[in-house]
Amino acid sequence: MNAIVALCHFCELHGPRTLFCTEVLHAPLPQGAESGDSPSQGEQAEEEEGGIQMSSRIRSHSPAEGASVEASSPGPKKSDMCEGCRSLAVGHPGYISHDKETSIKYVSHQHPNHPQLFSIVRQACVRSLSCEVCPGREGPIFFGDEQHGFVFSHTFFIKDSLARGFQRWYSIIAIMMDRIYLINSWPFLLGKIRGIIDELQGKALKVFEAEQFGCPQRAQRMNTAFTPFLHQRNGNAARSLTSLTSDDNLWACLHTSFAWLLKACGSRLTEKLLEGAPTEDTLVQMEKLADLEEESESWDNSEAEEKAPVFSEGSEGRERTKHLTDLSSRSDGGSWQPRKLAVFKSLRHMRQVLGAPSFRMLAWHVLMGNQVIWKSRDVDLVQSAFEILRTMLPVGCVCVIPYSNQYEEAYRCNFLGLSPQVQIPAHVLSSEFAVIVEVHMAPHPSVYPVGPEDDQSLSKYEFVVTSGSPVSADRVGPTILNKIEAALTNQNLSVDVVDQCLICLKEEWMNKVKVLFKFTKVDSRPKEDTQKLLSILGASEEDNVKLLKFWMTGLSKTYKSHLMSTVRSPTATECRN
């Protein structure tokens, strides 16, 4: 997480001061900030300290060099600091934690070395301990702007027997430029920072109670003659936080806590790029999932055995398992033997196996919404063919019966798998709205073409594609089919790239479908205007118009109801009038 966590203190002599801060470094340490020790010593220190390496970020210098170092440091001068304003001793190297997984370094010191970061932290410190406080002066608050960053601040008191009011004022702040991320991290930061504060207050309370038991300050002050408070304080009045908590390892512990806080807060939230509204396929899948959940609640097993369901997506597994169980007893050899599955791997693979003319005919019928009938003994082959062919259609246009022992009408499914014994009605065989793929055992397997993606398992089959309306070679066909074939024939495109091209093509034509649906079904425009719209969309050809009308059935119910509700609203009616 690109942020800075700092501990701040309101000094009674010098005002708000930054005591300790931890920042994230993604790049290597700058020159001059390297460790003064040898690499072997640094690695040894890192192992000994459990990942917290003491690194000489501020090189030890002699008193003669002190003036030049102080002059170049962005922090306050030594003369402007008291024991209460100082955390690390002069010349202390600071603390560094190395995150080996992400190559990130968490660096802690009293002030940021970068002048701009020092200014941002300084301003946030002053605001957190002066004007930006919650009621009661103790608790969390959020403030900031785009220029100086956004701040989560939690103010609290630490008991001190020598302080005015027996307590001193501190705050822990987290500074970040990303406002949304910081606001979303509010519950996490509040809980973890509250835990650090409770630990500090608990240690200080023990020291306070011990000092009050030995020498009660309240009675002593009441018996002392009244003098201005600042004049009666002795030199020990300004006390460091290590003295208040009686913890010499306080800053090392705070470094560990702050470094873990930055790492944990950065890894608990992940950003996702949302490219507009959900696609139609996503909406249809969500609707089908909801329907399946409702169906499962009222599912009757007896009715399920009598009637083969029409389904898509989620219920394929049930139907396929059922038919695989039925076919398990029909082994050719009488005993089970391991075999290599014959499956299609991609559209390009299917085109190579079927041949370009047969594939074009099959793809044309798929895109037009005609019924695709696949007859084969190999259930896995039929399943793989349907899985590949369905990628050319929107999810809402796919209706599959993977394997059946009887013919199902076209209104029930557009993908139908049949066993070879099933008789197909004569009107279907001669229909122009159906295509049949028959799979036979090849008499001479070696003569069939083998593509680069083939694993020799399909060479034993012969594929015969027939239809009552064969697609002529000179027929233009729908535009999307021509683009799909162009992508499949381009060997420079990998299978993954072709899949992404297919997704883009489907989205392009689904957008045209949406426009046509609103134009014709919602706005009820005349046919002349519809023809003009089709020309503008580049879909005035007959095949393109048929494709758009079929794909219109795949629009989600959510989209349709949204359009209808928008049209029926009073505001929309006034705008149209």
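Cut-off values and rules
- Residues numbered from 1 in each chain as written.
- Predicted model: local features only at pLDDT ≥ 70, side-chain atom pairs only at ≥ 80, totals over all residues.
- Heavy atoms only, no water.
- Helix = DSSP H or I, 4+ residues; strand = E, 2+ residues; numbered from the N terminus.
- Buried < 20%, exposed > 50% of the residue type's maximum accessible area, 1.4 Å probe, protein only.
- Contact = heavy atoms within 4.5 Å.
- Areas by Shrake-Rupley, 256 points an atom, 1.4 Å probe, with all protein chains shown as cover.
- Pairing = 2+ DSSP bridges.
- Axes fitted to C-alpha atoms, helices over the stretch in contact; angles between N-to-C directions.
- pLDDT = per-residue confidence, 0-100.
- Salt bridge = Lys/Arg side-chain N within 4 Å of Asp/Glu carboxyl O.
- Parallel < 35°, antiparallel > 145°, perpendicular 65-115°, else oblique.
- Patch = residues over 30% accessible without salt bridge, like charges linked within 9 Å, V, L, I, M, F, W, Y side chains within 5 Å.
- Lys, Arg positive; Asp, Glu negative; His and termini not counted.
- Charge placed at Lys NZ, Arg CZ, Asp CG, Glu CD.
- Nonpolar A, V, L, I, M, F, W, Y, C, P; charged D, E, K, R; others polar.
- Arc of directions from axis to C-beta.
- Core = buried A, V, L, I, M, F, W, Y, C linked by side-chain atoms within 4.5 Å.
- Expected span 1.5 Å × (residues − 1).
- Phe/Tyr/Trp six-rings, centres within 6.5 Å; stacked < 30°, edge-to-face > 60°.

1. Considering the overall build of the protein
Scanning the protein from terminus to terminus reveals 22 helices and 13 strands. A burial count over the protein gives 45% of its 577 residues as buried. A fraction of 71% describes how many contacts in the protein between residues 6 or more apart in sequence connect residues 24 or more apart. Surface exposure of the protein reaches about 30,900 Å², of which carbon and sulfur atoms provide 54%.

2. Topic: the sheet that holds strand β11 (residues 415–418)
The strand order across the open sheet formed by 5 strands is β10-β11-β9-β12-β13, and the pairing between neighbours is mixed. The open sheet is flanked by β10 (400–404) and β13 (461–467), the only strands paired with a single partner. Along the sheet, successive strands turn relative to each other by an average axial angle of 15°, direction set aside. Pairing between strand β9 (residues 371–375) and strand β12 (residues 434–441): 5 bridges, direction parallel. Among the inter-strand pairings, K375 is bridged to a residue of β12, identified as E438. Relative to the sheet, helix α15 (residues 379–389) contacts β9, β10, β11, β12 and β13, its axis offset from that of β10 by approximately 165°.

3. Topic: the confidence of the model for the protein
Mean pLDDT for the protein: 77, with 72% of residues reaching 70 or above. Every residue in residues 30–72 scores below 50 in pLDDT, and together they form 52 contacts with partners more than four places removed in sequence or on other chains. This model gives residues 570–577 a pLDDT under 50, and the stretch forms 7 contacts once residues within four places in sequence are excluded.

4. Focus: the pattern of salt bridges
Charged atoms that come close allow side chains of opposite charge to pair. Under the defined criterion, the tally for this structure stands at 16 salt bridges. Residue R168 is joined to D160 by a salt bridge in which the shortest nitrogen-to-oxygen separation is 2.4 Å. This pair shows no difference in class: R168 is buried, exactly as D160 is. Close ionic contact of R194 with D198 constitutes a salt bridge, the shortest N to O distance being 2.9 Å. Placement of both R194 and D198 in helix α5 (residues 186–214) is noted, with a separation of 4 residues, approximately one turn of the helix. For D198, a relative accessible area of 42% translates into the label partly exposed. Taken together, the shared-partner salt bridges in this structure form one network comprising D160, R168, E211 and R239.

5. Observations regarding the pairing of strand β4 (residues 95–99)
Summarising burial for β4: 4 of the 5 residues are buried, a large majority. Where β4 meets strand β5 (residues 104–109), 5 bridges bridge the pair, whose relative direction is antiparallel. Directly across from D99, in β5, lies its bridge partner I104. Between β4 and β5, which pair antiparallel one after the other, the connecting turn spans 4 residues, and S103 there sits at a positive phi close to 60°.

6. Description of the pairing of β12
Pairing of β12 with β13 involves 7 bridges; the strand directions are antiparallel. Its bridge partner being in β13, V435 is matched across the sheet by S467.

7. With respect to the packing of helix α14 (residues 356–368) against helix α20 (residues 542–552)
Relative to each other, α14 and α20 sit at 50°, their axes nearing to 8 Å. With respect to their mutual orientation, α14 and α20 come out oblique. Across from W364, V366, L367 and M368 in α14, the residues of α20 making contact are D543, K546, L547, F550 and W551.

8. Considerations on a negative patch on the surface
Judged by side-chain charge, D291, E293, E294 and E295 come together as a negatively charged surface patch. Along the chain, D291 turns up in helix α10 (residues 280–297). Among the residues examined, D291 registers a relative accessible area of 37% and is labelled partly exposed.

9. Quick look at the packing of helix α18 (residues 495–522) against α20
The interhelical angle for the contact between α18 and α20, taken along N-to-C directions, is 80°, at an axis separation of 9 Å. Taken as axis vectors, α18 and α20 run roughly perpendicular relative to one another. Of the residues in α20, those in contact with K506, W509, M510, K512, V513, L516, F517 and K521 of α18 are N544, L547, L548, W551 and M552. Residues of the contact of α18 with α20, tallied by class, amount to 9 nonpolar, 1 polar and 3 charged.

10. Some remarks on helix α17 (residues 479–489)
Within the span of α17, buried status applies to I480, L481, I484, E485, A487 and L488. Around the axis of α17, the buried residues are gathered within 160° of arc, so they sit on the same side. Summarising the contacts, the buried residues of α17 are in contact with α13 (347–354), α14, α18 and α20.

11. Some thoughts on unusual backbone geometry
A positive phi is found at S103, a non-glycine position, where the angle reads about 60°. One can find S103 in the loop between β4 and β5.

12. Some thoughts on the nonpolar core
Ranked by size, the top nonpolar core spans 63 residues in total, and within it F344, W374, F463 and W551 carry the most contacts. In terms of nonpolar packing, the next biggest core, distinct from the first, is built from 39 residues, V24, F152, I196 and L244 among them.

13. Considerations on α14
Taking 1.5 Å per residue, 13 residues should reach 18 Å; α14 reaches 18 Å between its end C-alpha atoms and fits that length. Taken across its 13 residues, α14 has 10 buried, putting it largely inside the fold. All of the buried residues in α14 are F359, R360, M361, L362, A363, W364, H365, V366, L367 and M368.

14. Describing the packing of aromatic side chains
Tallying each qualifying case throughout the model produces 15 aromatic pairs. Relative to Y95, the ring of F20 lies with its centre 6.4 Å away and its plane at 65°, an arrangement referred to as edge-to-face. Of this pair, F20 sits in strand β2 (residues 15–25) while Y95 sits in strand β4; the two residues are 75 residues apart in sequence, bridging distant segments of the chain. The buried category is assigned to F20, whose relative accessible area is 0%. Taken together, a centroid distance of 6.2 Å and an interplanar angle of 35° make the contact between F188 and W260 tilted. A residue pair is termed long-range when its members are at least 10 positions apart, and F188 in helix α5 and W260 in helix α9 (residues 250–268) qualify at 72 residues.

15. Quick notes on the side chain of E287
Its location among the elements puts E287 in helix α10. For the buried E287, no salt bridge exists, and the shortest N-O distance to an oppositely charged side chain is 5.7 Å, to K557. For E287, the residues in contact, after removing those within four places along its chain, are S556, K557 and T558.

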